[in-house]
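For reference, the chains in residue letters:
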Amino acid sequence: MHTPSGTINIVLPYLGYQSISNALAASALAFSIHTPLKQIQIGLLKSPIIPGRLEPIQLNKNTILINDTYNSNVASMIIAIKILEKMPGYKILVIGDMAELGEKSILYHKIIGNIANVSNIDYIFTFGKYSNEIFKICKNGKHFSEKHKNMLTKKLKETMLKQNKSTILIKGSRHMKMEKIIEYLIKEYKKNDIFN
């Protein structure tokens, strides 16, 4: 980061390019009240990761779970797809419905389907009424209705275990309760001692 008082190297503990603009805004505010650059550097490095917001969880040395279940909208879904594209290993995206999009809900889900379809994501699970529009577009995936969340979690676990190295990103609106899938996977990995 270049400032009138000097240059500092910044390391952010977050995923995604959007974190850079957030860090710059916070740094500009801190700089305007004469906070030393070293303090800004340390503050950004020690910023806490908010649970459910692109929160990386290392299940084992070869498996990363990204918990982005806090909420979902079109812009944040596009960011999530772009982040997953850059992650290592077999890439699995689990998408729940995006809520509160009004009469254009189907259109917005189709837009996400088109973006996901041309990404380098290997497998896409969709879950819910509107996310079926994403599944219809994507070449490689599986769709589950809201009453089949248990089937989704089991199929997801099977798919993960077949891979030597994988990154799984799970995202959906609050009412989809996608965090239950995260909880299930963590519990299963602990129970079956797959953390090694």
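Residues numbered from 1 in each chain as written. Predicted model: local features only at pLDDT ≥ 70, side-chain atom pairs only at ≥ 80, totals over all residues. Heavy atoms only, no water.

- The protein chain goes by Mur ligase C-terminal domain-containing protein in an unreviewed UniProt entry, where it is assigned to Buchnera aphidicola.

### Concerning helix 2 (residues 37-45)
Consideration 1: Every buried residue of helix 2 is accounted for by L37, I40, Q41 and L44. The arc enclosing the buried residues of helix 2, seen along the axis, measures out at 100°, which places them on a common side. Away from the buried face of helix 2 by more than 90 degrees, exposed residues K38 and Q39 are located.
Consideration 2: Along its buried surface, helix 2 packs onto strand 1 (2-3), strand 2 (6-7) and helix 1 (18-32). (Buried < 20%, exposed > 50% of the residue type's maximum accessible area, 1.4 Å probe, protein only. Helix = DSSP H or I, 4+ residues; strand = E, 2+ residues; numbered from the N terminus. Arc of directions from axis to C-beta. Contact = heavy atoms within 4.5 Å.)

### Considering the nonpolar core
Consideration 1: Within the largest apolar cluster, 23 residues are counted, with the highest numbers of intra-cluster contacts made by I66, I81, L93, I95, I112, I124 and L169.
Consideration 2: Within the residue set of this core, elements represented by two or more residues are strand 4 (63-68), helix 3 (74-85), strand 5 (90-96) and helix 4 (105-117).
Consideration 3: In terms of residue count, the dominant contributor to this core is helix 3 (6 residues).
Consideration 4: In contact with L169, not counting residues within four places along its chain, are L54, I66, D68, A80, L84, I92, L93 and V94.
Consideration 5: Counting residues in each nonpolar core, the second largest holds 20 residues, with Y123, I168, I182 and Y189 among its members. (Core = buried A, V, L, I, M, F, W, Y, C linked by side-chain atoms within 4.5 Å.)

### Regarding the packing of aromatic side chains
Consideration 1: Throughout the structure, instances matching the rule amount to 2 aromatic pairs.
Consideration 2: Ring geometry for Y123 versus F125: centroids 4.9 Å apart, planes at 55°, classification tilted. Like F125, Y123 is buried.
Consideration 3: Members of the aromatic cluster, connected to one another through ring pairs, are Y123, F125 and F144.
Consideration 4: The ring of Y70 carries R53 above its face, with NZ or CZ at 3.9 Å from the centroid. (Phe/Tyr/Trp six-rings, centres within 6.5 Å; stacked < 30°, edge-to-face > 60°. Lys NZ or Arg CZ within 6 Å of the ring centre and 35° of its normal.)

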